[in-house]
Amino acid sequence: MTDTNGDELRCGVCNELGCYFSDDDGHFYCNNCNARVDDVVATGVADEDFVDKGGGGATYNPHYTRYTPSVKPELFDPDHLGPMEPADFGDVPKGVVFRMEDYYKSIRVRYVLGVQLLIEYQCEKLVEVFRVNSIICGIAGEVWLRFVASKRVFGDSWADDVIKESEIQGETKCKVGKSYPKDVNEPRNMYRKRMANIWCKSLKKTIPLSSSLAVSYLACHIAREAVLPSDIIKWAIEGKLPYFGAFPKIKESIKQIERSYHCPSVVCPLEANNMFRPSQSVSLQKLESMAASIAHSIGLNLPPVNFYAIASGYLKQLCLPVKKILPYACRIEEWAMPPELWLSVNEKRFPSRVCVMSILIVAIRILYNINGFGKWEMTLSTPIDDSMDENTLGSDDDAEAMPTSQTMDVDHEGTSSSVHMFEADCADLLQNLQKKYYDLNNRYEYSKDLPTYLQYCKDVVFAGLEPLYKDPGLIEELWDFYRKNREAMEASEEVEPGILGKRSRDGDKQFGTTEENPNNQAYEPTISLSANSSQSSYNTFQDSQPHQTSSSNDKFEYSHISRDNAIRHMKIDMEEQIFCYIPPRMKVKRHGYLHYSRKAAGDGAYTYIAHADYYILLRACSKVAQVDPRVMHESVLSLERRLGWIDKRIDECVHCHTKQSQTSTSDKISSSSFPVH
């Protein structure tokens, strides 16, 4: 037993006096916090360790004395343990070897915290810049925490499971990467791959950076805001919504959080741009399906999209009368309630914004009577004559492949005036839609001029990079030089406008706008309808911006050119979108709503048949919704089939109810004819 007095020992953890001795291991333990005192250790000795000095007693040999370091109480600060300042990303102290547990905990916490900060930044911008309701901040926080909990990345066996999976997948790929001095001591798997990269890759796969955009959009959807996936993606690409260039701000915020909570991390060996910089953007349909998947994973029942707000926004973009069209569109939406108005995990389904636009197209067709009567052809310079050849004009026989077995038959002289309330304004509507189609600009804001693009590159594309030059006035000097030379070039172009022309490869002939051919009217490209091109473009369901064709880029003023040229240009434009032009209906046999359909070709491809009136409406709405016209046309056909099915079921129910009431009435009459005794 040792002679050391434990009451005089001071604990190195809580700085309290008073310790007790344990016979099991020979150490002293604090009476307050039960921490072990490492300064004093009881040592067992053998007989030969004692030296008889002749004084009648045994003395311990000084050669075997154990010296232990002591901690001065006045220099001990229990509130600051370990490093006093947070280290940067990828900075590991030299000569320090950490455990595998330290690595994966640091990487996991920093990644989840970084994505959470990214969601916070996005919600702040949505509220401050885009005037979204501030309630989305609370909704996004709750959705994010439940989503992280559902992924179980903070489980005890998560790190081991990820490493085992990487080793199973890496049996056929045993490439050893080059080791750098700073990552020599890092843990590696059996194939000598860095575990830090494996854990980070697994986190990006389980909780991708694009999930921040999905959570922000989902919060706006729950708050009934008129924010579309197209808006989220466009703002993120333009840099208005923090996404691509937000990693420097995330890096500084994490360091401040660690400093404020006294929990600095010096273990994370990965750079911030490798962890929080997205490599590519996400598609519109992928963002919507991802938001639905997040809601499904946390057990959240979503409402349909805010049809009124989204539809009113679309009508304002098209410059159409909102008060005239929107009430009737809302009636169709309440009557049909198509399932496409709810977010779906299926990426192959029609997007919700396409369904909203389809309802607007059906409502506009009913109100303005856009059913192939040649309203657009009537606005051309040469009017349509009834004495023209039958091959030029159309009839209901030509449209036999288009209408379904049932049409909305209406008495054209009676109730059609109450249905087609704005038929007199149909020609003006088509002209405005045609002009709006060319005026609509889906380009990003950074492409409007060079200074805006350079600022975009500095803030988003090359975010986090320091300039190589040290002179702050160098950029201004270069910009002044560019501006002066640009002004000189513009002045020379005004004096000699025909010099800067494109030359052909074969000769010196210049291609440009001449007086003989102002609108390139003689150019008629050949359109080949192959099965691979048409079918693959629809099956892949690309919801990117509409195809920009050569004829779409030219703004033809159809009112100033001949009727034949206008129709020829319309045919070219329709053929480029795999549509077939049909002349107006002249020999009308059925009045009412006309249903179009696809026409299968011999090679398996589909050709979409439509009149010019309907196509003008369709392509303008498709450009606003940022979807292919064929996809929009398929969505309209799906909605029409649903409305036709509902109408048929209502007729059957009404007919059945009328028949039952007549039967019950006749039974009552027959029973009352017998005398009662």
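Small disclaimer: the values here were computed from a predicted structure and weren't measured.

Trainee: Can you walk me through the overall build of the chain in this structure?
Mentor: A tally of helices and strands in the chain yields 22 helices and 14 strands. Here the chain holds 677 residues, and 41% of them are scored as buried. Across the chain, contacts joining residues at least 24 apart in sequence account for 76% of those joining residues at least 6 apart. In the structure as shown, the chain presents an accessible area of about 39,200 Å², 51% of it carried by carbon and sulfur atoms.

Trainee: Mind showing me how you'd approach the sheet that holds strand β13 (residues 598-600) here?
Mentor: Backbone-to-backbone hydrogen bonds pair the strands of a sheet. The strands run either parallel or antiparallel. Pairing in this open sheet of 3 strands is mixed, and the strands run β10-β14-β13 from one edge to the other. The open sheet has two edge strands, β10 (579-582) and β13, and neither has a second partner. Going across the sheet, the axis of each strand differs from the next one's by a mean of 35 degrees, ignoring polarity. Relative to strand β14 (residues 606-611), β10 runs parallel, the two sharing 4 bridges. When the bridges of β14 are listed, Tyr-581 appears paired with Ala-610. On the sheet, helix α20 (residues 563-576) packs against β10 and β14 and is oriented at approximately 150 degrees with respect to β10. Running at roughly 110 degrees to β14, helix α21 (residues 612-625) makes contact with β10 and β14 of the sheet.

Trainee: Could you clarify how one ought to interpret the sheet that holds strand β1 (residues 19-21) in this entry?
Mentor: Strand order in the open sheet formed by 3 strands is β1-β2-β3, with antiparallel pairing between adjacent strands. With partners counted over all chains shown, the strands left at the sheet margins are β1 and β3 (36-41), one partner each. Each adjacent strand pair in this sheet contributes to an overall mean axis angle of 35 degrees, direction not counted.

Trainee: Please clarify how the pairing of strand β2 (residues 27-30) should be interpreted in this entry.
Mentor: Successive residues of a regular strand alternate their side chains across the two faces of the sheet. Both faces of β2 are covered, namely the face carrying His-27 and Tyr-29 and the face carrying Phe-28 and Cys-30. Two elements, β1 and β2, share 3 bridges in a ladder whose sense is antiparallel. For Cys-19, the partnering residue across the bridge sits in β2 and is Cys-30. Sheet topology places β2 next to β3; 3 bridges connect them, and they run antiparallel. The residue bridging His-27 from the neighbouring strand is Val-41, located in β3.

Trainee: Please clarify how the confidence of the model for the chain should be interpreted in this entry.
Mentor: In low-pLDDT segments, the atomic positions of the prediction should not be examined closely. Scored by pLDDT, the chain has a mean of 75; 68% of the residues are at 70 or more. Taken as a whole, residues 382-393 scores under 50 in pLDDT and shows 17 contacts with residues more than four places along the chain or in a different chain.

Trainee: Sorry if this is basic, but what is going on with a nonpolar patch on the surface here?
Mentor: Judged by side-chain polarity, Trp-335, Ile-650 and Val-654 come together as a nonpolar surface patch covering roughly 280 Å² of accessible area. As for its position among the elements, Trp-335 is in helix α11 (residues 322-336). Residue classification places Trp-335 among the partly exposed positions, given a relative accessible area of 43%.

Trainee: Sorry if this is basic, but what is going on with the packing of helix α1 (residues 100-128) against helix α2 (residues 135-151) here?
Mentor: To characterise two packed helices, one gives the angle between the axes of the helices and the distance between these axes. Two numbers describe how α1 lies on α2: the axes approach to 10 Å, and their chain directions differ by 160 degrees. It follows from the interaxial angle that α1 and α2 lie roughly antiparallel. For the crossing formed where α1 meets α2, the hand is right-handed. Across the interface between the two elements, Val-112, Val-115, Gln-116, Ile-119, Cys-123, Leu-126 and Val-127 of α1 pack against Ile-136, Cys-137, Ala-140, Trp-144 and Val-148 of α2. Taken together, the residues of the contact of α1 with α2 break down into 11 nonpolar, 1 polar and no charged.

Trainee: So what exactly am I meant to see when it comes to helix α4 (residues 195-206) here?
Mentor: Residues spaced three or four apart along an α-helix face the same direction, because each turn holds 3.6 residues. Given a rise of 1.5 Å per residue, 12 residues ought to cover 16 Å, and the 16 Å separating the end C-alpha atoms of α4 matches this to within 8%. Three or more residues of α4 are buried, namely Met-195, Ala-196, Ile-198, Trp-199, Cys-200, Ser-202 and Leu-203. Along its buried surface, α4 packs onto α1, α3 (158-169) and α8 (272-276).

Trainee: In this structure, what is going on with unusual backbone geometry? I would like to understand it.
Mentor: Most of the time, phi is negative for any residue but glycine, and the peptide bond is trans. Unusually for a residue other than glycine, Asn-369 sits at a positive phi of about 55 degrees. Of note, Asn-369 is situated in the loop between α12 (352-368) and α13 (375-378). Taking relative accessible area as the criterion, Asn-369 reaches 2% and is therefore assigned buried. Look at Ile-578: it is not a glycine, yet its phi comes out positive at around 60 degrees. Counting through the fold element by element, Ile-578 comes out in the loop between α20 and β10.

Trainee: Hey, could you run me through the environment of Trp-144 in this one?
Mentor: Tracing the chain through its elements places Trp-144 in helix α2. Residues Trp-144 and Ile-294 lie 150 residues apart in sequence; the distance between their C-alpha atoms is 9.0 Å.

Trainee: I would appreciate a short explanation of helix α10 (residues 307-317) in the present structure.
Mentor: Within α10, the full set of buried residues consists of Phe-307, Ile-310, Ala-311, Ser-312, Tyr-314 and Leu-315. For α10, the elements touching its buried residues are α11, α12 and α21. Cys-319, located one to two residues past α10, shows a positive phi value of around 60 degrees.

Trainee: Would you take a moment to explain the packing of α1 against helix α5 (residues 210-222) for this structure?
Mentor: Between α1 and α5, the shortest axis-to-axis distance is 9 Å and the interhelical angle comes to 40 degrees. What the angle tells us is that α1 and α5 run oblique. As for the relative orientation of α1 and α5, their crossing is right-handed in sense. Mapping the contact onto sequence places Val-115, Leu-118, Ile-119, Gln-122, Cys-123 and Leu-126 in α1 and Ser-211, Ser-212, Leu-213, Val-215, Ser-216 and Cys-220 in α5. For the contact of α1 with α5, the per-class residue count stands at 8 nonpolar, 4 polar and no charged.

Trainee: What am I meant to see in the side chain of Arg-619 here?
Mentor: Turning to its location among the elements, Arg-619 is positioned in helix α21. In this structure, Arg-619 is in contact with Gln-434, Tyr-437, Tyr-438, Met-570 and Asp-573, ignoring residues within four places of it in sequence.

Trainee: Teacher, can you tell me more about the environment of Cys-426 here?
Mentor: Take Cys-426: it is sitting in helix α15 (residues 426-439). Residue classification places Cys-426 among the buried residues on the basis of a relative accessible area of 0%. On a C-alpha basis, the gap between Cys-426 and Ile-370 in space is 7.4 Å, while along the polypeptide they are 56 residues apart. Among all residues touching Cys-426, those that are not within four sequence positions of it are Tyr-368, Ile-370 and Lys-375.

Parameters and conventions
Residues numbered from 1 in each chain as written. Predicted model: local features only at pLDDT ≥ 70, side-chain atom pairs only at ≥ 80, totals over all residues. Heavy atoms only, no water. Helix = DSSP H or I, 4+ residues; strand = E, 2+ residues; numbered from the N terminus. Buried < 20%, exposed > 50% of the residue type's maximum accessible area, 1.4 Å probe, protein only. Contact = heavy atoms within 4.5 Å. Areas by Shrake-Rupley, 256 points an atom, 1.4 Å probe, with all protein chains shown as cover. Pairing = 2+ DSSP bridges. Axes fitted to C-alpha atoms, helices over the stretch in contact; angles between N-to-C directions. pLDDT = per-residue confidence, 0-100. Patch = residues over 30% accessible without salt bridge, like charges linked within 9 Å, V, L, I, M, F, W, Y side chains within 5 Å. Salt bridge = Lys/Arg side-chain N within 4 Å of Asp/Glu carboxyl O. Parallel < 35°, antiparallel > 145°, perpendicular 65-115°, else oblique. Left-handed = near helix turned anticlockwise from the far one by under 90°. Nonpolar A, V, L, I, M, F, W, Y, C, P; charged D, E, K, R; others polar. Expected span 1.5 Å × (residues − 1).

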